[in-house]
Amino acid sequence: MFSEDDHLYMRQALDLAGRGLFSTMPNPRVGCVIVKDGAVVGRGAHLRAGEPHAEIHALREAGERAKGADVYVTLEPCSHHGRTPPCADALVAAGVGRVIAAMQDPNPRVAGTGLGRLQANGITTASGLLETEARELNPGFISRMTRGLPFVRSKIAASLDGRTALANGASKWITGEQSRADVQQWRARSCAVMSGIGTVLLDDPQMDVRQPDLIQLKSGKQPLRVVVDSSLRISPDARILQGGNTLVAYAVDDAARSAALRSAGAELVCLPGDAGKVSLRDLLLHLAGLDINEVLVEAGQGLNGALQQAQLIDEYLFYYAPILMGDAARGMFALPELTDMSQRVELEILEISGIGEDVHLRARPRR
Ligand SMILES: [Zn+2]
């Protein structure tokens, strides 16, 4: 159904979409290529929410040459009035001949309506070309539209024997500089970075994007920092609260502490779950309500264990350093004892690479 050329042009559109990896949020990353008589005449990428969509950039470059052209776009063109007019209308007005989308709009309420509007105006449409690749560009946006939850990644730095901190909590630095730079990329593409109170009390991290090139790509906009702190133990002086843009989720209120945190600039949300703990599912629902697409968890075994047990982690980023820390050191997930191998958690490894002296694995739970 799709030709070799179709694949080639859609790959170019996917590459263009990648330009928005760190900056389109809460919008999806989208790329577009317009082809006339075997030549690319327009290219576009969506870069920032509120700015033109990929199709509009590509149509502007193509100008008159868009008439009768083939349009390759990584996501179904929009048909609703958001912050910008609908792209479907602009494509109709330009008189394009054919529109190929990598995937339909993941929002079930509008899926198919953009392509439908094109068809109603005599434009040939198709979708599903390189759909898997297109979905991988926007796991958070798709998750939010289809499940009402963000896509949650957990980054775990460990020794080769799977230990993440000494028994006394010390964990700096297990992995090398290059692994930490790689984590900065994942942090920068996330809408939120989440940690637990244990890590905040032990390491007093800032959890922000520090690489100047990444900060520039994001126009200085930092991910929301989220601290899971059931009984409000965080200090108003914690570095993670500096500069604002930090949400503290708690379960048990303490009027004096919450007032002190608010005056330190923290946002607070009370989401009680079982046993005086924060309901992690409610927290993720809350984050989706704030238009958070991708969440990067950088936490210790407590929060990781709780998220794992609630089946709320969608992807694991493991960084293994070539060191051994022994079985008195802390593991990755605090979980109740398993008594049968049938209770084990199975993962699918998507990627294995060497980063500096470390080994990096990206994996997802088999569900
Ligand atoms: Zn659009």
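Residues numbered from 1 in each chain as written. Predicted model: local features only at pLDDT ≥ 70, side-chain atom pairs only at ≥ 80, totals over all residues. Heavy atoms only, no water.

Could you give an account of the packing of aromatic side chains, with specific residues and numbers?
A complete count under the given rule lists four aromatic pairs for this structure. Each ring, one from Y9 and one from Y72, has its centre 5.4 Å from the other, and the planes form 45°; the classification is tilted. Residue Y9 is located in helix α1 (residues 4-17), and its partner Y72 is located in strand β3 (residues 70-73); the two are separated by 63 residues in the primary sequence. A single burial state applies to Y9 and to Y72, both of which are buried. Ring centres 5.8 Å apart and planes at 90° place the aromatic pair Y316 and F333 in the edge-to-face group. With Y316 in strand β12 (residues 315-321) and F333 in the loop between β12 and β13 (347-355), the pair connects residues that are 17 residues apart, well separated along the chain. The structure contains a cluster of three or more aromatic residues connected by ring pairs, namely Y316, F318, Y320 and F333. The aromatic ring of W173 is capped on one face by R180, whose charged end is 4.1 Å from the ring centroid. (Phe/Tyr/Trp six-rings, centres within 6.5 Å; stacked < 30°, edge-to-face > 60°. Helix = DSSP H or I, 4+ residues; strand = E, 2+ residues; numbered from the N terminus. Buried < 20%, exposed > 50% of the residue type's maximum accessible area, 1.4 Å probe, protein only. Lys NZ or Arg CZ within 6 Å of the ring centre and 35° of its normal.)

Just give me the short version of the nonpolar core, but keep the residues and values in it.
In this structure, M10, I34, Y72, V96 and V99 are the most contacted members of the largest nonpolar core, which totals 40 residues. For this core, the leading source of residues is α1, giving six residues. Residues in contact with I34, not counting those within four places in the same chain, are A39, V40, V41, G42, A58, L59, A62, A69, D70 and V71. Counting residues in hydrophobic clusters, the runner-up holds 35 residues, among them L287, I292, V295 and Y320. (Core = buried A, V, L, I, M, F, W, Y, C linked by side-chain atoms within 4.5 Å. Contact = heavy atoms within 4.5 Å.)

Could you give an account of the sheet that holds strand β9 (residues 246-250), naming the residues involved and the relevant values?
Read from one edge to the other, the open sheet built from nine strands follows the order β10-β9-β8-β7-β11-β6-β12-β14-β13, with strand pairing classed as mixed. The open sheet has two edge strands with one neighbour each: β10 (267-270) and β13. Here the strands of the sheet are splayed against their neighbours by 20° on average, with no regard to which way each runs. With five bridges joining them, strand β7 (residues 192-196) and strand β8 (residues 224-228) adopt parallel strand pairing. Paired with S195 across the bridge in β8 is V227. (Pairing = 2+ DSSP bridges. Axes fitted to C-alpha atoms, helices over the stretch in contact; angles between N-to-C directions.)

Outline the coordination of the zinc ion, supporting the account with residue identities and numerical values.
The protein atoms that coordinate the zinc ion are H53 (ND1), C78 (SG) and C87 (SG), at distances spanning 2.0 to 2.3 Å. Taken in sequence order, the residues that donate to the zinc ion follow the motif H-x24-C-x8-C. Taken together, the positions of H53 in the loop between β2 (39-45) and α2 (54-62) and C78 in the loop between β3 and α3 (87-94) put the pair 25 residues apart, joining distant regions of the chain. For C78, a relative accessible area of 9% gives the class buried. (Donors = N, O, S within 2.8 Å, 3.2 Å for Na, K, Ca; no water.)

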